[in-house]
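Topology and contacts: notes
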Amino acid sequence: MSDAEAVLLLEELKRLKQENELLRQKLDALARRIFGVKSEQLDKNQLLLLLQEAETPGPVLGKGSGPEAELAEPPRPNKASSSKPRDRKPRLPEHLPVVEEVIEPEPFKAAPQEWRRIGEEVSERLDYEPAKFLRRRTVRPKYVKRHEIDAVPVIAPLPNSLLERSVVTPGLLAQIIVSKYCDHMPLYRQESIYWSRHEVWLPRQTMAEWVGLAADWLKPIYRQIREEVLEGGYVQIDETPIRYLEPGHGKTKLGYLWTYGTPKEDVVFHWETSRAAACLENILPVEFRGVAQCDGYQAYRSFARSRDDAIVLAGCMAHVRRKFFEAQEQAPKVPGWILWQMRNLYTIESQLRETRAGPNLRAAIRGSQSRMIMNRLHHTLIALKTSRRFLPRSLMGAAIDYALSQWSTLLVYLDDGRLEIDNNLIENAIRPTAVGRKNWLFIGQAEAGERSAILYTIIENCRRRGLDPFSYLKEVFTRLPSMTNWQVKDITPKAWARRQCIVPLQAAA
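Residues numbered from 1 in each chain as written. Predicted model: local features only at pLDDT ≥ 70, side-chain atom pairs only at ≥ 80, totals over all residues. Heavy atoms only, no water.

Time to look at the confidence of the model for the protein. When pLDDT is averaged along the protein, the result is 83; 83% of the residues meet or exceed 70. Scored below 50 in pLDDT, residues 54-82 makes 46 contacts in the model with residues more than four places away or belonging to other chains. With pLDDT under 50 throughout, residues 505-509 is counted as low confidence; its partners more than four residues away or in other chains account for seven contacts. (pLDDT = per-residue confidence, 0-100. Contact = heavy atoms within 4.5 Å.)

Structure representation (structure tokens):
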């Protein structure tokens, strides 16, 4: 074997070893994603130990910017040494109706006149009565005048209803929708439950028609919510895949439920059969001007460029952080330092939430504290990139490339106090759809995706506003047939909660 052949074999062996290492990293990351702990919380003590043992990467971190220089957290406001004791919640909710049962002792029953009551012992337990169907009969008497035999009889008109000559009532329709879109109970399971437990036969085809009827009635409320969300000029946006049935082929295709909304305000679901940038034209209208916060999906950048300077993209720090978290197994020291810097950023955001800082104060604090950390991170990432310490296709190399490609969008939140540091709030709104997808697997057809988007929007906004979705839907379905389009703004979940003085769940948390 010649020297040239030996050199080629050594280079090939080196390449195969690198490829094998990259495949092992991807396999380990996939195994952790499927079987490992989903939480990305960092153990403070473990990070401190890791960073104290880390060797300063020389040209990467530089003097005065290494791990030892950044162990201290941003200053927290002084707290009292002894925290106030929490108020204990009652064992049973006070708002529940009480069914009282009095148990008299046997000696008293035998001769009550010989006994005098001196007190009582009271014990309470939590009970439950299952839901039940009932027949709601509407009787409208007819009358004629006694002395006018030929006069026309009078009878009260039927109340307005969602569907003429249908047996469905607002309460039943609200129950079906809440079971499917809030409790994630597919229609075929509801059909089985109603028949086996209540002996009421409701075919799933009939219930599907009723669900479509409900979506049509709720569409004006959906449009009103969408208008109010877009008026603010700042939306967070994300998308999730959902399969739908292709008619005539017995196969499913991949559609997408796009979700956008304002933090701590309303959220809107929008159905599209693709994930292309053109779909955003139907989500953000031409007249929209403002900030769209999203992940690094290329479609968002293409869409923003098509709108010139009308839309500013804000990045998501959580997506960047997640990639470095996944790269810890490959090289724990450098990702550990980067994650520590990001932890400091989130500590600042936590302090701003605790003090309920307004947009101006948030922008000022971020400019004086967070910007220094971001600059330090940027210099480190550039040094890591130019040093070629990590292979581009490795987990760490991919994390560095992703962070640098998103850097201009990650800086947007520093100057605008309205913005959040990440897109997690809108991702949390998508979670209920993921739970439902595991139960009903796919949507019946593409047109059903739009109906699902409408109903998910109503249900999610009820949850955000602290409303009982069943009570809300039942009342709305009762009132909608006799209302005008001008009154729709008064029955959105936001307006409903304001009228009932309910504190939104997210604000309370």
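All told, the structure shown has eight aromatic pairs when counted by the stated rule. With centroids separated by 6.1 Å and ring planes inclined at 85°, the aromatic side chains of W195 and W201 adopt a geometry described as edge-to-face. Residue W201 is classed as exposed on the basis of its relative accessible area of 52%. Through pairs of rings, three or more aromatic residues link up here, namely Y181, F269 and Y456. If you follow K180 out to its NZ or CZ, it ends over the ring of Y181, 5.3 Å from the centre. The ring centre of W496 lies 5.0 Å from the NZ or CZ of R499, which sits over that ring. (Phe/Tyr/Trp six-rings, centres within 6.5 Å; stacked < 30°, edge-to-face > 60°. Buried < 20%, exposed > 50% of the residue type's maximum accessible area, 1.4 Å probe, protein only. Lys NZ or Arg CZ within 6 Å of the ring centre and 35° of its normal.)

Moving on to the packing of helix α10 (residues 333-354) against helix α11 (residues 359-387). Direction vectors running N to C along α10 and α11 enclose 170°, while the axes themselves pass 10 Å from each other. When the axes of α10 and α11 are compared, the pair comes out roughly antiparallel. Contact with α10, carried on its side by V334, W337, I338, Q341, M342, N344, L345, I348, E349 and L352, involves R362, I365, R366, Q369, S370, I373, M374, R376, L377, T380, L381 and L384 of α11 and no other residues of that element. Classifying every residue of the contact of α10 with α11 gives 13 nonpolar, five polar and four charged. (Axes fitted to C-alpha atoms, helices over the stretch in contact; angles between N-to-C directions. Helix = DSSP H or I, 4+ residues; strand = E, 2+ residues; numbered from the N terminus. Parallel < 35°, antiparallel > 145°, perpendicular 65-115°, else oblique. Nonpolar A, V, L, I, M, F, W, Y, C, P; charged D, E, K, R; others polar.)

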